[in-house]
Amino acid sequence: MNYDVSANKVHDVQIAYIGGGSRGWAWTFMTDLSMEESLSGTIRLYDIDEKAAGNNETIGNHLTDRPDTTGDWNYVTSHSLREALTGADFVVISILPGTFDEMASDVHLPERLGIYQSVGDTAGPGGIIRALRTIPMFVDIAEAVKTWAPDAWVINYTNPMTLCVKTLYHVFPQIKAFGCCHEVFGTQKVLKGICEQALGLEQINRRDIEVNVLGINHFTWFDRASYKGVDLFPIYRQFILDHFEEGFHEPDRNWMNGTFNCAHRVKFDLFGRFGLIAAAGDRHLAEFMPGEEYLKDPDTVKQWKFALTTVDWRKEDLKKRLARSARLAAGEEEIKLEPTGEEGILLIRALCGLDRVISNVNIPNTMLQIPNLPASAVVETNAVFGLDSIRPVAAGPLPEDLLALVKPHTDNHEIVLQAALTCDRSFVYEAFRQDPLVKGRVGDEELRSLADDMIANTMTYLPKGWQR
């Protein structure tokens, strides 16, 4: 990288994008980069689907050439991890581990035992099996980073977030890796909307909602929240008292009009039970709780006003994304230039020394950011980003009642990592038994049969050691 101190710019930034054929996160990343005039350089797109990476090369370079963009980036397709990583300053990872056929098994096969999952990529049986095929991929990525880009900052967007980051550090303890997730931002937006209604304000900046973040990815909590000196907890509490049944509806969204939307009633219920603000989407939060609560059956899900995201929906959405990719690459459609709300580019700016930023981040608990969770756990808290550094903020301990909910998941992360590294089914069975969606709801024989069938359905993406 080359610094232009007088202009507050950094040139020749080298970014390796693993999963560079992405039809989602890659476009988000490109959009924000195209509006960032203080950074410039090369994006090396690597993907096992090289044609998809090539399409994004075309789309990215067209963005750079547009007269209404200020980002100066050259997009190139890399043919190997070595080519992408060598000399990289930053590495971005956003991959789909396997295909939606494997994810269909992850999400829907447990339904035969009455186990429902609203996402199936982080917790529950689906999250566990997804991790089994994801961890070997991240072992390879960590080893490649260690060999060809040991000093690069590695930014992960792939789920299961916690186990992806945990694997990177297990393989390469000196790696400079962190995980980014936007679920906290979504809850800040809810607080922004409630604050605007309660105080009669307009256009509050989401980033002005100051929060203390503690927990694990997708099961994250705020124990403090304020806006310009105003404590938002009493306002949030009163809003829930007044609107618990209908929930909160963002002005441009309604829980019935989209598979990812919700009325935030699970958040509201958890606040009433535990006194902290749950800081993730209801679809994610529900999967960390006992299965007889929010995910007992589809009717229960409807009562709580969120949705079960079917894999059939994801497959149809992929068709639309593929069609859009073709239109964008052909110049038949333009990417709309507006901020995406993600903070990845802000964090890169800060790590380059152009800013100082505080944001939520997923990293190991080695500084005991949450002192009553193990140092080996990967936790989500705030951190200060500056020149070539991330300094985690001490979030404080989880309350004991919430610790009792979070700790089984951090324990299971250790078990699942060992399962993936050793190809030992006994660890998978144990992880299933301990997962709150499953625990106490099915017999051991049924549990083992479900795990074996789910492993068989994802065998294409597993090491040979899983074959019987």
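None of the values given here were measured: they were computed from a predicted structure. (Residues numbered from 1 in each chain as written. Predicted model: local features only at pLDDT ≥ 70, side-chain atom pairs only at ≥ 80, totals over all residues. Heavy atoms only, no water.)

1. Section: the overall build of the chain
A tally of helices and strands in the chain yields 16 helices and 14 strands. Here the C-alpha radius of gyration of the chain, 22 Å, is about what a compact globule of 468 residues would show, namely 23 Å. Here the chain holds 468 residues, and 58% of them are scored as buried. A fraction of 71% describes how many contacts in the chain between residues 6 or more apart in sequence connect residues 24 or more apart. For the chain, the accessible surface area stands at approximately 19,000 Å², while carbon and sulfur atoms represent 50% of it. (Helix = DSSP H or I, 4+ residues; strand = E, 2+ residues; numbered from the N terminus. Rg over C-alpha atoms; globule rule 2.2 N^0.38 Å. Buried < 20%, exposed > 50% of the residue type's maximum accessible area, 1.4 Å probe, protein only. Contact = heavy atoms within 4.5 Å. Areas by Shrake-Rupley, 256 points an atom, 1.4 Å probe, with all protein chains shown as cover.)

2. Examining a nonpolar patch on the surface
A cluster of nonpolar side chains, namely Met1, Tyr3, Val5 and Leu387, defines an oily patch on the protein surface of about 440 Å² accessible area. Structurally, the position occupied by Leu387 is in the loop between strand S13 (378–386) and strand S14 (389–392). (Patch = residues over 30% accessible without salt bridge, like charges linked within 9 Å, V, L, I, M, F, W, Y side chains within 5 Å. Salt bridge = Lys/Arg side-chain N within 4 Å of Asp/Glu carboxyl O.)

3. Here we look at the pairing of S14
Successive residues of a regular strand alternate their side chains across the two faces of the sheet. Direction of pairing for S13 relative to S14: antiparallel, over a ladder of four bridges. Pairing of Val384 across the sheet is with Arg391, part of S14. If you look at the hairpin formed by S13 and S14, you'll find two residues sitting between the two strands, and Asp388 has a positive phi there, around 50 degrees. (Pairing = 2+ DSSP bridges.)

4. Section: the packing of aromatic side chains
In total, this model carries 14 aromatic pairs according to the counting rule given. For the pair Phe219 and Phe288, a centre-to-centre distance of 4.8 Å together with 5 degrees between the ring planes defines the contact as stacked. Here Phe219 is found in strand S9 (residues 219–227), whereas its partner Phe288 is found in the loop between helix H10 (282–287) and helix H11 (298–303), with 69 residues between them in sequence. Residues Phe219 and Phe288 agree in their burial class; the two are buried. The interplanar angle of 55 degrees and the centroid separation of 5.8 Å between the aromatic rings of Phe233 and Phe271 together place this pair among those described as tilted. A residue pair is termed long-range when its members are at least 10 positions apart, and Phe233 in helix H8 (residues 232–243) and Phe271 in helix H9 (residues 265–274) qualify at 38 residues. Each of the two residues, Phe233 as well as Phe271, counts as buried. In this arrangement the basic side chain of Arg206 is found over the ring face of Phe185, its NZ or CZ atom lying 4.1 Å from the centre. (Phe/Tyr/Trp six-rings, centres within 6.5 Å; stacked < 30°, edge-to-face > 60°. Lys NZ or Arg CZ within 6 Å of the ring centre and 35° of its normal.)

5. What about the nonpolar core?
Core analysis: the largest hydrophobic core is formed by 87 residues, its most contacted members being Leu132, Trp221 and Val428. In terms of residues, this core owes the most to one element, helix H5 (residues 124–148), which gives eleven residues. Once residues within four sequence positions are removed from consideration, Leu132 is found in contact with Val416, Ala419, Ala420, Val428, Ile455, Leu462 and Trp466. With 39 residues, the next largest nonpolar core counts Trp73, Ala350, Val357 and Ile390 among its residues. (Core = buried A, V, L, I, M, F, W, Y, C linked by side-chain atoms within 4.5 Å.)

6. Some words on the environment of Glu36
Its location among the elements puts Glu36 in the loop between helix H1 (25–34) and strand S3 (39–46). With near-sequence residues (within four places) excluded, Glu36 lies in contact with Thr70, Gly71, Trp73, Ile345 and Arg349. Within polar-contact distance, the side chain of Glu36 engages the side chain of Ser38 at 2.3 Å. A polar side-chain atom of Glu36 sits 3.0 Å from a polar atom in the side chain of Arg349. (Polar contact = N/O pair within 3.5 Å; in protein donor to acceptor, adjacent residues only side chain to side chain.)

7. Notes on the packing of H5 against helix H15 (residues 425–434)
At their nearest, the axes of H5 and H15 sit 10 Å apart, and the two run at 155 degrees to each other. In terms of orientation, H5 and H15 fall into the roughly antiparallel class. For H5 against H15, the interelement crossing comes out right-handed. Side by side, H5 and H15 meet where Pro125, Ile128, Ile129 and Leu132 of the first sit next to Val428, Ala431 and Phe432 of the second. (Axes fitted to C-alpha atoms, helices over the stretch in contact; angles between N-to-C directions. Parallel < 35°, antiparallel > 145°, perpendicular 65-115°, else oblique. Left-handed = near helix turned anticlockwise from the far one by under 90°.)

8. Some remarks on H15
Because each turn of an α-helix spans 3.6 residues, side chains separated by three or four positions end up pointing in the same direction. Of all the positions in H15, only Arg425, Val428, Tyr429, Ala431 and Phe432 are classed as buried. Buried residues of H15 fall within an arc of 160 degrees about the axis and therefore sit on the same side. Taken together, the buried residues of H15 touch H5, helix H14 (400–422) and helix H16 (444–457). (Arc of directions from axis to C-beta.)

9. Structural notes on the pattern of salt bridges
Under the counting rule described, the total for this entry stands at 27 salt bridges. Ionic pairing is found between Glu338 and Lys336, a salt bridge with its closest N-O pair at 3.7 Å. Overlapping salt bridges, with partners in common, bring together Glu36, Arg349 and Asp355 in one network.

10. As for the environment of Thr422
Within the secondary structure, Thr422 sits in helix H14. For the pair Thr422 and Asn205, spaced 217 residues apart in the sequence, the C-alpha separation amounts to 47 Å. There is a polar contact of 2.6 Å between the side chain of Thr422 and the backbone oxygen of Gln418.

11. Notes on unusual backbone geometry
With omega at 5 degrees, the peptide bond leading from Asn159 into Pro160 counts as cis. Inspection of the secondary structure puts Pro160 in the loop between strand S6 (153–156) and helix H6 (161–171). Phi at Asp12 is positive, roughly 60 degrees, even though this residue is not glycine. By the secondary structure assignment, Asp12 is in strand S2 (residues 9–18). When its relative accessible area of 39% is taken as the criterion, Asp12 is described as partly exposed.

12. Comments concerning the state of the cysteines
Applying the stated rule across the entire model yields zero disulfides. Take Cys352: it sits in no disulfide, and the sulfur closest to it among the cysteines is that of Cys180, at 14 Å. (Disulfide = S-S within 2.5 Å.)

13. Notes on the packing of helix H2 (residues 50–65) against helix H12 (residues 311–330)
Helix-helix packing is characterised by the crossing angle of the two axes and by the distance between the axes. It is the contact of H2 with H12, at a shortest axis distance of 8 Å, that shows an interaxial angle of 45 degrees. It follows that H2 is oblique to H12 by the angle criterion. Judged by the sense of rotation from one axis to the other, the crossing of H2 with H12 is left-handed. Residues Asn55, Thr58 and Ile59 of H2 form the contact with H12, whose own contacting residues are Ser325, Leu328 and Ala329. Taken together, the residues of the contact of H2 with H12 sort by class into three nonpolar, three polar and no charged. (Nonpolar A, V, L, I, M, F, W, Y, C, P; charged D, E, K, R; others polar.)

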